[in-house]
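# Overview (structure and organization)
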Amino acid sequence: MTGIDDLPVRDELRGKSPYGAPQLDVPVRLNTNENPYPLPEPLVERIAERVREAARNLNRYPDRDAVELRTRLAEYLTDTSGHEVGPANVWAANGSNEVLQQLLQTFGGPGRTAIGFEPSYSMHGLIARGTGTGWISGPRNDDFTIDLAAAEKAIAENQPDVVFITTPNNPTGTAVPPETVLALYEAAQAAKSSMVVVDEAYIEFSHGDSLLPLLEGRPNLVVSRTMSKAFGAAGLRLGYLAAHPAVVDAVQLVRLPYHLSAVTQATALAALEHTATLLGYVEQLKAERDRLVTELLALGYEVTASDANFVQFGRFEDSHETWRKILDRGVLVRDNGVPGWLRVTAGTPEENDAFLDAVREVKKEQS
Ligand code: PMP
């Protein structure tokens, strides 16, 4: 039987596995940092209306530059950060994964490297590989904060072309203070005028503020965002970035023409009309996240301080076995391969109760 190895696939892809969070049909799914709340009915109606309008023009290609959408995204960023962002600063694509891919196609590629501080979002390394960019795994402290001195040293030694900073970090939930981001930006500029990509996929759930104001006067800084988490629209596939207009011009060199469908643009515009309601759900999820932290600590687990819509908890001698025991009780959490730790996404209060019941039972069984 023909397998991958029998095909002339690129050498760097041989023996590798695709991104693969299990999509299992279990009662409580808290494994992919999705928002548990379905979109509210008035928004569903508005999406239907906007998509109906868009459908009348589907014989035409969509707005290639997604100007109306970028304008509304810029308004959202300005309103929520207090930092003035205009449509020329914003670029959108199919999920922030595509935004990150476009950034690596533009600023990485064969003969170039990117660095991330791991454990972090595994797709940074996978997209690097897919774009032929060399991947450097930078260090973290034992408490999962970034080890600044070690990170600066790694940047100086390796002179990467792209530096990824994820805040709040996935899978640990750890926020990165602005001083650390500034120091890493300076280190990256001193090493190679590298691009620094701040992945803020979960920033709306943070106790702290967005790093958008740092864009002022820093043309090599990029902030990437998504509607998959706070906007509860993972199925929409809409990610975006904010940066100097020159960065937006640069990524247009690699984007496929008409990459963002008219249906996607119409749906995202409808969702942005309902920002206030959706951000209300974010407040509920933040409270549930904090409750998960409190209750896990009370049960005797260790918990990593979280600024995201998920919590990393441990420690387990065999995290995969514990993952399986929780799954046996109908709750799917995530084993990210961080030895000793698992990650649970904040769900609805009922889902979180089911999760807490499951881990309480597992704890009893294991002690
Ligand atoms: N960045 C981080 C840190 C993430 O955790 C994720 C999704 N899990 C993404 C980016 C990508 O999200 P999307 O492509 O849905 O925007």
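Above this note sits the structure.
These numbers were taken from a predicted model, which means no experiment stands behind them. (Residues numbered from 1 in each chain as written. Predicted model: local features only at pLDDT ≥ 70, side-chain atom pairs only at ≥ 80, totals over all residues.)

So, on to the overall build of the protein. Check the secondary structure of the protein and you find 11 helices and 12 strands. When the backbone C-alpha atoms are referred to their principal axes, the protein occupies close to 60 × 55 × 55 Å. Looking at the protein as a whole, 44% of its 367 residues qualify as buried. Intrachain contacts of the protein at a sequence separation of at least 6 include 72% that bridge at least 24 residues. (Helix = DSSP H or I, 4+ residues; strand = E, 2+ residues; numbered from the N terminus. Buried ≥ 20, exposed ≤ 12 C-beta atoms within 10 Å, placed from the backbone. Contact = placed C-beta atoms within 7 Å.)

What follows covers unusual backbone geometry. Omega for the bond connecting Asn-170 with Pro-171 falls within 30 degrees of zero, at 15°, which places this linkage in the cis form. Among the structural elements, Pro-171 can be located in the loop between strand S5 (162-166) and helix H6 (178-192). Cis peptide bonds are those with omega within 30 degrees of zero, and the linkage from Gly-314 to Arg-315 qualifies with -15°. Here Arg-237, not a glycine, exhibits a phi torsion of approximately 65°, which is positive. Examined against the element boundaries, Arg-237 turns out to sit in the loop between strand S7 (221-226) and strand S8 (239-243). Residue classification places Arg-237 among the buried residues on the basis of 20 C-beta atoms within 10 Å.

Distances and angles like these do not, on their own, reveal function.
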